[in-house]
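The residues making up each chain are set out below.
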Amino acid sequence: MRIRRNHWLAGMLAAAIPVFAAAEASAQTTTPTATADEPTTGSSSPAAAVYALEPGDQLTYSTKGSVKMSGGGQEQAEDMDILTSITVLEKSGETLTLYAALSASEDTTVGKTMSPGPRFTFQMPTSGATGDTEFEKAGLAGAAFPTFSVENIFAAPPAEGKSTVTVSLPITNAAADGEAVTTKQGSNIETVVTVLQEGTPVLGKTTVFSTDKKHTASIDTSVSLSLSSQGNAVSFSITDKTELTESKTLPADQLAALKADVETAIPVANELRKLNMSQPDAIKSALAGTTKYLEAHPNGEFSYLFNSLQERLTAVAERTANWEKIKEGAEAPDFTAKTIDNKTVKLSDLKGKVVLLDFWATWCGPCLMELPNVKKLYAAYKDKGFEIIGISADETVEDLSKLVEQEDLQWPQIFDGGDKADSIQEQYGVMKYPTTILLDKEGKISAIDVRGEEMEAAVKKLIEGAEQ
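## Some details on the overall build of the protein
Working step 1: Looking only at helices and strands, the protein has nine helices and 18 strands in total.
Working step 2: Buried positions account for 46% of the 468 residues belonging to the protein.
Working step 3: If you take every contact in the protein between residues at least 6 apart in sequence, the share linking residues at least 24 apart comes to 61%.
Working step 4: For the protein, the accessible area works out to roughly 22,800 Å², and carbon and sulfur atoms hold 49% of it.

## Remarks on the pattern of salt bridges
Working step 1: Considering all chains together, one arrives at eleven salt bridges under this definition.
Working step 2: For Asp449, the salt bridge identified is with Lys432, shortest N-O distance 2.5 Å. Taken as a pair, Asp449 in the loop between β18 (445-448) and α9 (452-467) and Lys432 in the loop between α8 (424-428) and β17 (435-439) lie far apart in primary sequence, 17 residues in all.
Working step 3: Taking the relative accessible area as the measure of exposure, Asp449 reaches 23% and is therefore partly exposed.
Working step 4: You can call Lys432 partly exposed: its relative accessible area is 41%.
Working step 5: Beyond isolated ion pairs, a larger network of salt bridges with shared partners links Lys432, Asp449 and Arg451.

## Regarding the state of the cysteines
Working step 1: What the rule picks out here adds up to one disulfide.
Working step 2: In this model Cys364 forms its disulfide with Cys367; the gap between the sulfur atoms is 2.4 Å. Taking the sign of the S-S torsion, about 80° here, the bridge from Cys364 to Cys367 comes out right-handed.
Working step 3: In this structure Cys364 comes out as buried when scored by relative accessible area, which is 4%.

## What about the nonpolar core?
One recurring pattern in soluble globular proteins is that nonpolar side chains are buried together.
Working step 1: In terms of nonpolar packing, the biggest core is built from 47 residues, with Leu357, Phe386, Ile389, Tyr428 and Leu438 touching the most fellow members.
Working step 2: Contributing elements (two or more residues each) for this core: β14 (354-360), α6 (365-381), β15 (386-392), α7 (397-407), α8, β17, β18 and α9.
Working step 3: Contact partners of Tyr428, with chain neighbours within four places excluded, come to Asn322, Trp323, Ile326, Ala332, Pro333, Phe335, Leu347, Leu357, Phe359 and Ile437.
Working step 4: In terms of nonpolar packing, the next biggest core, distinct from the first, is built from 42 residues, Met80, Val88, Phe122 and Phe209 among them.

## A word on the environment of Leu347
Working step 1: With respect to the element layout, Leu347 can be found in the loop between β13 (344-346) and β14.
Working step 2: Sequence separation between Leu347 and Gly443 is 96 residues, and the spatial gap between their C-alpha atoms is 8.2 Å.
Working step 3: Once residues lying within four places of it in the same chain are set aside, the contact partners of Leu347 are Ala332, Pro333, Asp334, Phe335, Val355, Leu357, Ile389, Tyr428 and Leu439.

## Some words on α6
Working step 1: Its 17 residues place the ends of α6 25 Å apart at the C-alpha level, agreeing with the 24 Å of an ideal helix rising 1.5 Å per residue.
Working step 2: Restricting attention to buried positions, one finds in α6 the residues Cys367, Glu370, Leu371, Val374, Leu377, Tyr378 and Tyr381.

## Observations regarding empty space enclosed by the protein
Working step 1: Taken as a whole and assessed by the stated rule, the structure comprises three cavities of 30 Å³ or more.
Working step 2: Estimated volume of the largest cavity: approximately 70 Å³.
Working step 3: Together, Asp358, Trp360, Cys367, Glu370, Leu371, Val374, Pro434, Thr436 and Arg451 line the largest cavity.
Working step 4: Put simply, the parts of the chain that give the lining of the largest cavity at least two residues each are β14 and α6.
Working step 5: By residue number, the principal contributor to the lining of the largest cavity is α6, which donates four residues.
Working step 6: Within this model, the second largest cavity holds a volume of roughly 40 Å³.
Working step 7: The wall of the second largest cavity is formed by Thr147, Phe148, Ser149, Asn152, Ile153, Ile219, Thr221, Asp240 and Thr242.
Working step 8: Of all elements in the fold, only α2 (150-153), β10 (215-229) and β11 (232-249) reach the threshold of two or more residues within the lining of the second largest cavity.
Working step 9: Among the residues forming the lining of the second largest cavity, the class breakdown is three nonpolar, five polar and one charged.

## Remarks on the sheet that holds strand β16 (residues 413-415)
Working step 1: Strand order in the open sheet formed by five strands is β16-β15-β14-β17-β18, and the pairing between neighbours is mixed. Every other strand in the sheet has two partners, leaving β16 and β18 as the edge strands with one partner each. Between one strand axis and the next, the sheet turns by 20° as a mean value, whatever way the strands run.
Working step 2: Where β17 lies against β18, three bridges are found, and the strand directions are antiparallel.

## What about the packing of helix α3 (residues 252-273) against helix α4 (residues 280-296)?
Working step 1: In the contact formed by α3 and α4, the axes pass within 10 Å of each other and the chain directions differ by 165°. In terms of their interaxial angle, α3 and α4 are classed as roughly antiparallel. For the crossing formed where α3 meets α4, the hand is left-handed. Residues Asp261, Thr264, Ala265, Val268, Glu271 and Leu272 of α3 pack against Ala282, Ser285, Ala286, Gly289, Thr290 and Tyr293 of α4.

The rules behind each value
- Residues numbered from 1 in each chain as written.
- Predicted model: local features only at pLDDT ≥ 70, side-chain atom pairs only at ≥ 80, totals over all residues.
- Heavy atoms only, no water.
- Helix = DSSP H or I, 4+ residues; strand = E, 2+ residues; numbered from the N terminus.
- Buried < 20%, exposed > 50% of the residue type's maximum accessible area, 1.4 Å probe, protein only.
- Contact = heavy atoms within 4.5 Å.
- Areas by Shrake-Rupley, 256 points an atom, 1.4 Å probe, with all protein chains shown as cover.
- Salt bridge = Lys/Arg side-chain N within 4 Å of Asp/Glu carboxyl O.
- Disulfide = S-S within 2.5 Å.
- Core = buried A, V, L, I, M, F, W, Y, C linked by side-chain atoms within 4.5 Å.
- Expected span 1.5 Å × (residues − 1).
- 1 Å grid on protein atoms, 1.4 Å probe; cavity = no way out; pocket = protein on both sides within 12 Å on 5 of 7 lines; lining within 4 Å.
- Points joined across faces, edges and corners; volume = space filled by probe spheres on them.
- Nonpolar A, V, L, I, M, F, W, Y, C, P; charged D, E, K, R; others polar.
- Pairing = 2+ DSSP bridges.
- Axes fitted to C-alpha atoms, helices over the stretch in contact; angles between N-to-C directions.
- Parallel < 35°, antiparallel > 145°, perpendicular 65-115°, else oblique.
- Left-handed = near helix turned anticlockwise from the far one by under 90°.

Shown next as structure tokens:
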């Protein structure tokens, strides 16, 4: 089973599955309902209820945005179209418990579809968020867009006039001071925030709050940042607009069903978020939790995510089980594969030679740092009964071929990445890079994850021992 990447899942399970994730989830453990022992967000003193929301009220926001990056002779751009549904689950005094469900538009073979993304609960005061408040989230929360957050949607409108504000700039997360100008325009309160750096605007945000509906009506954001990275100037341009598209109240039976769904899912989601992938029992427990939820709610709010995560967890469990078989003295699992120059390599055909299986990737920094040692090792022992097989986890064969040519790598290279099914990495249970497995002349595992001088000593010992 090959683990497929997903832009939502990567962010939400970054801490749990570092091999397959690229971004870090930002969520803290809470429960979906308020109790006397739980912290709540915002001021503890009584305040006017800016957000006149009751259990069952549901707000839907549409966010359309674009991120562009240029620098180092390259340009990249990505558009995002997000729907955010926010439902009030409970109200206790001046504290609301809400459930947020995000979905993103994706192009598929059947046209545009909405791919379910982060699902989480959070608590907030009816007076709204102030300052740099960040709601405590429970469930699977992740970054949807650099300038989007539920905190922005539920910010407390400031008083009319000018004020100084401190905002966190996207990309860098650096704090910056700016000016907020708030004016009353009919039944709306409009706040315009401007942040300057050396006299140049780097962020502008216009928020419109409807005093009639007591909801945020729209947020329009524009960001222009220039940064320096390794001596190169990198520029970011971000624009997005969030608008309220629907406001309704769920019938009592629908609210009850939603609460039951979410309350079942949140403990499972919290377990997934804190999952230690090096512990097989923890993986089994997480799989049991997702299975139990899916049996009770096969078409529930978390069903798409949990089904996707089950695929990943099952694949990781299989890899973990396979890795446990990779021990010194054990027979190395045989495989047959094509190299990038279309030659066939069968591991068992190499018996009689000392063989190094080098699991690596061109995107892996430690792999590239170790490359000079591997080249030196191959040059010293290739004519003495030593062979290396490179097994690459790259996304494309082009990435691998380019570096192989650039570095003049002489040993066989197998492209084992992308969406390749039944990969050698999975057969061996490899989950980190680089991973090296040294085989003796009988095809048995002699050493695992040795590098540099230690690797050379191990190879020399096997070759000299075989010659005696």
